[in-house]
Structure formats: C-alpha cells, structure tokens
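Residues per chain are reported as follows:
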Amino acid sequence: MTINPTTRDYNKASVLDVVLAQAPLTRNKLIELTGLSKATVSRAVEELRADGFVVDRGVDAIAGRGRPSTYLDVPGTTGHVVGVSFGAQTTGVLATDLRGREIQHVIVPTASHDDAGKAAAWLAGLIAGASQPAEGPLRQVVVAVPGRVRDGAEIFGPAESMAYLAGSGLQRALADLVGAPVLLDSDANASLLGILADDVTIRNAALFSVSSMLSFACCTDHELARGSTPSFGDVGVLFSGVPGKPLEGLLSTGGLLAFAREQGLGLGRVDDLWTETRHDEGRAAVVEAFTTALVTAVTVVVVTLDPESIFFVGRLSTLVEEVLPEVRRRLEERLPAVPRIAVATQVLGLSTARGAVHSCLTLAQARLREALLDARRQAPRAEQQPAPAF
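Every value quoted in this text rests on a predicted model; they were computed, and no experiment measured them. (Residues numbered from 1 in each chain as written. Predicted model: local features only at pLDDT ≥ 70, side-chain atom pairs only at ≥ 80, totals over all residues. Heavy atoms only, no water.)

J.: I'd like a description of a nonpolar patch on the surface, backed by residues and values.
T.: Taken together, the side chains of Val237, Leu238 and Val300 make up a nonpolar region of the molecular surface, amounting to roughly 220 Å² of accessible area. In this structure, Val237 sits in the loop between strand E13 (223-224) and helix H7 (253-262). For Val237, a relative accessible area of 58% puts it in the exposed group. (Patch = residues over 30% accessible without salt bridge, like charges linked within 9 Å, V, L, I, M, F, W, Y side chains within 5 Å. Areas by Shrake-Rupley, 256 points an atom, 1.4 Å probe, with all protein chains shown as cover. Salt bridge = Lys/Arg side-chain N within 4 Å of Asp/Glu carboxyl O. Helix = DSSP H or I, 4+ residues; strand = E, 2+ residues; numbered from the N terminus. Buried < 20%, exposed > 50% of the residue type's maximum accessible area, 1.4 Å probe, protein only.)

J.: Describe the environment of Arg172, with residues and values.
T.: Its location among the elements puts Arg172 in helix H5 (residues 169-178). Residues Arg172 and Ala153, spaced 19 residues apart in sequence, show a C-alpha to C-alpha distance of 7.8 Å. Within polar-contact distance, the side chain of Arg172 engages the side chain of Ser168 at 2.5 Å. (Polar contact = N/O pair within 3.5 Å; in protein donor to acceptor, adjacent residues only side chain to side chain.)

J.: Describe the UniProt feature "domain: HTH marR-type" (unreviewed entry) in the chain, naming the residues involved and giving the relevant values.
T.: The UniProt feature table records "domain: HTH marR-type" (unreviewed entry) at residues 12-55. In residues 12-55, helix accounts for 75% and strand for 7%; the two terminal C-alpha atoms are 15 Å from one another. (UniProt positions renumbered as here; feature names shortened; annotations may be inferred.)

J.: Help me get a handle on the sheet that holds strand E15 (residues 340-343), residues and values and all.
T.: Strand order in the open sheet made by the 5 strands is E13-E12-E11-E14-E15, with mixed pairing throughout. Each end of this open sheet is capped by a strand with a single partner; those strands are E13 and E15. Sheet analysis places strand E11 (residues 205-210) next to strand E14 (residues 309-313), joined by 5 bridges and oriented parallel. Directly across from Ala205, in E14, lies its bridge partner Ser309. Sheet contacts for helix H9 (residues 281-305): E11, strand E12 (214-220), E14 and E15; angle to E14, the most-contacted strand, approximately 145°. Where helix H10 (residues 317-334) meets the sheet, its contacts fall on E11, E14 and E15, and the angle it forms with E15 comes to roughly 165°. (Pairing = 2+ DSSP bridges. Contact = heavy atoms within 4.5 Å. Axes fitted to C-alpha atoms, helices over the stretch in contact; angles between N-to-C directions.)

J.: Now, about the state of the cysteines: what can you tell me, with residues and values included?
T.: Disulfide: a covalent bond connecting the sulfur atoms of a pair of cysteines. Counted by the stated rule, this structure contains 0 disulfides. Cysteine Cys360 is unpaired, with the sulfur of Cys219 as its nearest cysteine sulfur at 19 Å. A relative accessible area of 0% places Cys360 in the buried class. (Disulfide = S-S within 2.5 Å.)

J.: Can you lay out the sheet that holds strand E5 (residues 90-97) for me, pointing to particular residues and giving the numbers?
T.: Within the open sheet, the 5 strands sit side by side as E6-E5-E4-E7-E10. Their pairing is mixed. This sheet does not close on itself; its edge strands, each paired only once, are strand E6 (102-109) and strand E10 (182-186). The mean inter-strand angle of the sheet, taken between neighbouring strand axes irrespective of direction, is 15°. The pairing of E5 with E6 spans 7 bridges and is classified as antiparallel. Across the sheet, the residue bridging to Thr96 is Glu102, located in E6. Sheet strands touched by H5: strand E4 (80-86), strand E7 (138-145) and E10. Its angle to E10, the strand with the most contacts, is close to 140°. Sheet strands in contact with helix H6 (residues 187-198) are E7 and E10, and its direction is about 90° off that of E10.

J.: Just give me the short version of the nonpolar core, but keep the residues and values in it.
T.: Phe208, Leu251, Leu256, Leu273, Phe290 and Phe312 are the most contacted members of the largest nonpolar core, which totals 43 residues. Within the residue set of this core, elements represented by two or more residues are E11, E12, H7, helix H8 (272-275), H9, E14, H10 and E15. If one sorts the elements of this core by residue count, H9 sits on top with 11 residues. Apart from the residues lying within four places of it in its own chain, the contact partners of Phe208 are Leu214, Ser215, Phe216, Val235, Ala297, Val301, Ile310, Phe311, Phe312 and Val313. Of all hydrophobic cores here, the second largest spans 32 residues; its members include Val18, Leu25, Ala364 and Leu368. (Core = buried A, V, L, I, M, F, W, Y, C linked by side-chain atoms within 4.5 Å.)

J.: Would you mind going over the pattern of salt bridges in detail, with residue names and values included?
T.: Evaluation of the coordinates by the stated rule reveals 24 salt bridges. For Glu102, the salt bridge goes to Arg354, with nearest N and O atoms at 3.6 Å. Taken together, the residues Glu102 in strand E6 and Arg354 in helix H11 (residues 351-377) connect sequence positions 252 residues apart. A salt bridge links Arg226 to Asp185, with the nearest nitrogen and oxygen atoms 2.9 Å apart. With a gap of 41 residues between them, Arg226 in the loop between E13 and H7 and Asp185 in strand E10 connect regions that are remote in the sequence. Exposure remark for Asp185: the relative accessible area of 6% places this residue in the buried category. Salt bridges sharing partners connect three or more residues here, namely Glu288, Glu326, Arg329, Arg330 and Glu333.

J.: Lay out the side chain of Arg330 in plain terms, naming residues and giving numbers.
T.: Relative to the assigned elements, Arg330 resides in helix H10. Note on Arg330: relative accessible area 18%, which makes it buried. At 2.7 Å, the side chain of Arg330 forms a polar contact with the side chain of Glu326. Excluding its chain neighbours within four sequence positions, the residues that come into contact with Arg330 are Glu288, Thr291, Thr292 and Val295.

J.: Account for the environment of Val343, naming residues and giving values.
T.: On the secondary structure map, Val343 appears in strand E15. In this structure Val343 comes out as buried when scored by relative accessible area, which is 18%. Separated by 19 residues in the primary sequence, Val343 and Leu324 place their C-alpha atoms 9.0 Å from one another. Ignoring sequence-local partners within four residues, the contact set of Val343 consists of Phe312, Ser317, Val320 and Glu321.

J.: Outline the packing of aromatic side chains, listing residues and values.
T.: With the rule as written, the count across this model stands at 3 aromatic pairs. Ring centres of Phe208 and Phe312 lie 5.2 Å apart, and the angle between their planes is 15°; on these two criteria the pair is classed as stacked. With Phe208 in strand E11 and Phe312 in strand E14, the pair connects residues that are 104 residues apart, well separated along the chain. You'll find Phe208 and Phe312 in the same group, each marked buried. (Phe/Tyr/Trp six-rings, centres within 6.5 Å; stacked < 30°, edge-to-face > 60°.)

This is how it looks when you write it as structure tokens:
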C-alpha cells in the first residue's frame, strides 16, 4: 500500500534543501536556517549521511569554549550538472557539482552543422569532456540557445545561421546521447538567470540579448517570467522607430550589418563599426538608427513591465555602451522615471552557461527532494527507511 511521507521525512527533506543550497555549513548553522531542533537536525543528517548525500568536510575552528563544529558538505559522488551556452559563434559548456561548484568548463568556436542530430552529437562530446573529472552521475543538462523555447524542448525562431535547430529534434537527440534529463532555454533567460544568481536583491528586471538575434527576458519578484506561447519575448517584430525597420533589423548583428551596408559602409563584419576608427556620415547614420531602436525597445519595456533594472548582453554590447548616455538622455525627456540601464559584464560562452547551470541546480535539487519523499511512498512498511533512488 502507499504510505504518505511523515513529518520526519519532510524535516529530512528540509535539511537536504538547506545543505544543497548552503554547504559547506556547520550543524549550528543548519539548525538556524531550518528552524528545527538540534535532535531533529542530527537525526536527519545521519540519515542523509547513510544515503550518501552528506559528508563531513573540515572543522569550524572558532575560538572559545565548546567543541568545534564539523562542516557538512555534499559529496561529489552525489552527481553533477552541465549548463551549455550554444551560440551561433561560441559554445560554452560548464560542469558543476550539485552545490554549483565548478568541475570543469570548455569554451570553443561553434562548429558548423546542418541538422539537429549532428549538433546534438557534437554537444554530447563537449558535455562528456567537461564532465570527465566528475565523480558522480550526470543529473541534468540545460542548453541555452539563440531562439525562443517552449516547454523546455521546442525551439522557435532560432538565429538565422542555426535555423536547423527549429523544433524539438535537438532536445530529443541530446537526451538520448547523454542519458540524462535535458531541457532547452533561450540565451536571454539563461543570461538573466546568471545575473539573478549573482544578485539576490534584484526583484523586477528585463534583459535584452543583442547578438546573432535579438532576444528578451524578464523577471518579477526574482522569478523568470515565461509566456504560454512562443510569441512571448519576441520583441524583434516590434517597430524600431526607424522607417521600415523592426527592432530585429537594428538590434541583431545580422540586421545591423545589413543596415550599415545599406548606408554605404563596406563592413566585413559588424564589429568593424567599433573596432575601426570612423567619423563619416554613414557610421553616424547607423549609430543614430541603433540609438533610436534602443530608446524604442527600452520605452516599450518600461511602460509595460515597469522594471527596476534593464540589462544588455551580447555581441553588440560594445556599441550599446557607446550610445548609452544618449539613450538615457532621450529616455529622461520622454519618461517620468528611467530605470537603471546597464551593460552586464559577461565572459563570452561562460556567463550564459552559468545561468544554465543555475537552472540545472534548481531542477536537480527539486528532483532529489522528490525522490527522498517518494522513497517513503514506495516503502512496503512504515518502519522502513529506504534510500532514495536518485
């Protein structure tokens, strides 16, 4: 028969939650954070130690009377997760333990592919390489892609150079190859998750990823907002304020490069806009259009979402920094209040992967908690204390 988890089981799950989120920590700190009694915490720790989820790690050498406290930690054998930033130009893969501590990372130029299966095989190889030093099994993979994603599996409107990713083929193929749960997310969501993980004080914010494509993410009360349809976040279709140009046509690398060439600039790549010294009318026209598009995009977000902060990331961030003072000046003329606007500092290929890892950890830790409680539900007798099958 089915046996419901007891108060003791939920206490044990609460202790596990705190250990996964805060380790290494002492028992005294664990008692403080859980609000449970010393006896309850001690019993839960010993059960978790028997399950292989907790180990001793060093001693808290505090001056004064009393016995030193032993630090509790999560062993590497519990498992690891992998976050992937699968960009049009650069791919970053980051493996961490279940506490988010780096095991190894890899940053490489994105290989050219023509179908999702080949891309999945290439990513699986990178994941295996980054995971090689890990002690425990792979628990979760999250792949951030330049496109909108529905239900963690289906990609809509990917960057033009990665059109082969449209659909759910990548997610299915990669999950089969790595033998672990795989979820997809947009690069904008992963970038914002990374920022939220670093700064817990951020409540309401928005982020524009201005790179191979324009993508958007936002959060309310420190939680990512996710729409019910693939249209959510597709701000690139909105009018930019420049005749004949949507936001995607000016706030993506391909769109801006095409516009620059329309103005007579013979650029080999979009980076030439800021790496080469130019003071001609053509560049001035491009910068003016780009500035107008930024003002339009920020205005739309401010009047609809009222964020406290707006961040920009991506390949066009250098140009954003150049025009940001003028953007702020124009916004102050038209809006009663202007939020903080900043270009987020990022490591190419790694920062977005860190955001993907943050998503991995949330999923893996929730699954571990559920496995612990399910062990009780599946036990044939109430007195048994089976180890979670995770």
